[in-house]
Amino acid sequence: MTTRFDGLFGPYLSLRLSAFDNMKLVVAVLFDAGEPYQCVEAKMQSLACHDEMTTGYFVCWDHVWLFCGLTHSYSASISLLTDIERIEKASIKSISVPVMSMQQVEFMCVESAHFDHC
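Since we're looking at a predicted model, the values are computed, not measured.

1. Some remarks on the confidence of the model for the protein chain
Overall, the prediction assigns the protein chain a mean pLDDT of 87, with 88% of residues at 70 or greater. Mean pLDDT across the secondary structure elements of the protein chain bottoms out at helix H3 (residues 102-117), with 65, and peaks at strand S5 (residues 93-94), with 97. Contacts from residues 114-118, a stretch scored under 50 in pLDDT, to residues over four places away or in other chains number one contact.

If you want it as structure tokens, here you go:
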């Protein structure tokens, strides 16, 4: 699965976008590739403190969970979530994400890069 993940998302892994923008990017790439997916928001155990819960955006794709960032994050990267047991299953709620064209994704990334350098 790592090979498929790297093949589809490799060009975007160095980007630091908001968590929701990361989810829009993932949706656009998967939609363009004809891959099924589901976008969710869910609570997960914090890495810093296992008793603390944080909320994040995820995309479930081909039995793999992609982590797009914490809901309040404005500078996150896309990653494979390998320890899915950190997700609180009862908190999972499906969310609707608009599908952007790949050209719109390019504009979003350029706009974000410009904003980061101003």
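2. Examining the sheet that holds strand S2 (residues 53-61)
Pairing within the open sheet is antiparallel, and its five strands lie in the order S4-S3-S2-S1-S5. Both outer strands of the open sheet, strand S4 (79-81) and S5, are each paired with one neighbouring strand and no more. Sheet topology places strand S3 (residues 64-70) next to S4; three bridges connect them, and they run antiparallel. Paired with Phe67 across the two strands is Ser79, which belongs to S4. Those strands touched by helix H1 (residues 2-9) are S2, S3 and S4, and its axis lies near 90° from that of S2. Seen against the sheet, helix H2 (residues 19-32) touches strand S1 (38-45), S2 and S3 and runs at an angle of roughly 10° to S2.

What counts, and at which threshold
Residue positions are given per chain, counting from 1 as you read along its sequence in written order. The model is predicted, so local features are restricted to residues of pLDDT at least 70 and side-chain atom pairs to those at 80 or more, both for listing and for counting; the totals for chains, interfaces and linings are taken over all residues. Excluding hydrogens and water, the side-chain values take into account all heavy atoms of the structure. For every residue, the predictor states its confidence as a pLDDT score lying anywhere from 0 to 100. Here a strand is any run of E in DSSP of at least two residues, a helix any run of H or I of at least four, and the numbering for each starts at the N terminus. In what follows, a contact means two residues having at least one pair of non-hydrogen atoms within 4.5 Å. Two strands pair under a simple rule: DSSP has to find at least two bridges between them. A fitted line through C-alpha atoms serves as each axis, taken over the contacting stretch for helices, and the angle formed by two N-to-C directions is quoted from 0 to 180°.

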